[in-house]
Amino acid sequence: MVVIFAVLFILLAILNIFFPAMGWHMRYGWMVKGGSGPSEAYLIMSRITSVIVLIIFFLFFLPSMFG
């Protein structure tokens, strides 16, 4: 079960790094009518946050799960 959680967590973080607009559309896009999209600031902060969370996961949580 722990391995499934770890794999899903890593996949979601990687998806958010490469396709941050997809997360915006799933969370906010359906509420907005028209051709609105996420701002550049949102996309950059989403990528930075995902990288930081993934690094923390690899440094602290992953070793404790399997160690």
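Structure report, in brief. (Residues numbered from 1 in each chain as written. Predicted model: local features only at pLDDT ≥ 70, side-chain atom pairs only at ≥ 80, totals over all residues. Heavy atoms only, no water.)

So, the overall build of the protein chain
Here comes step 1: What the protein chain contains, in helices and strands, is three helices and zero strands.
Here comes step 2: Walking the protein chain from its N terminus toward its C terminus, one meets helices and strands in the order α-α-α.
Here comes step 3: Its C-alpha atoms give the protein chain a radius of gyration of 14 Å, clearly above 11 Å, the size a compact globule of 67 residues would have.
Here comes step 4: Dimensions of the protein chain along its principal axes, counting C-alpha atoms only, are 50 × 25 × 15 Å.
Here comes step 5: Within the span of the protein chain, comprising 67 residues, buried residues form 21% of the whole.
Here comes step 6: If you take every contact in the protein chain between residues at least 6 apart in sequence, the share linking residues at least 24 apart comes to 62%.
Here comes step 7: Of the roughly 5200 Å² of accessible surface on the protein chain, a fraction of 78% belongs to carbon and sulfur atoms. (Helix = DSSP H or I, 4+ residues; strand = E, 2+ residues; numbered from the N terminus. Rg over C-alpha atoms; globule rule 2.2 N^0.38 Å. Buried < 20%, exposed > 50% of the residue type's maximum accessible area, 1.4 Å probe, protein only. Contact = heavy atoms within 4.5 Å. Areas by Shrake-Rupley, 256 points an atom, 1.4 Å probe, with all protein chains shown as cover.)

Details of the packing of aromatic side chains
Here comes step 1: Inspection of the entire model under this criterion finds five aromatic pairs.
Here comes step 2: The interplanar angle of 70° and the centroid separation of 6.5 Å between the aromatic rings of Phe 5 and Phe 57 together place this pair among those described as edge-to-face. Note that Phe 5 is positioned in helix H1 (residues 2–18) and Phe 57 in helix H3 (residues 40–66), a separation of 52 residues in sequence.
Here comes step 3: By relative accessible area, which is 3% here, Phe 57 ends up buried.
Here comes step 4: Three or more aromatic residues joined by ring pairs form one cluster here, namely Phe 5, Phe 9, Phe 57 and Phe 58. (Phe/Tyr/Trp six-rings, centres within 6.5 Å; stacked < 30°, edge-to-face > 60°.)

Focus: the layout of surface pockets
Here comes step 1: Considered as a void within the structure, the largest pocket measures approximately 240 Å³ in volume.
Here comes step 2: Leu 12, Leu 15, Asn 16, Phe 19, Met 22, Gly 23, Met 26, Arg 27, Tyr 28, Tyr 42 and Ser 46 are the residues that line the largest pocket.
Here comes step 3: Where the lining of the largest pocket is concerned, the elements lending two or more residues are H1, helix H2 (20–27) and H3.
Here comes step 4: With four residues, H2 is the largest single contributor of residues to the lining of the largest pocket. (1 Å grid on protein atoms, 1.4 Å probe; cavity = no way out; pocket = protein on both sides within 12 Å on 5 of 7 lines; lining within 4 Å. Points joined across faces, edges and corners; volume = space filled by probe spheres on them.)

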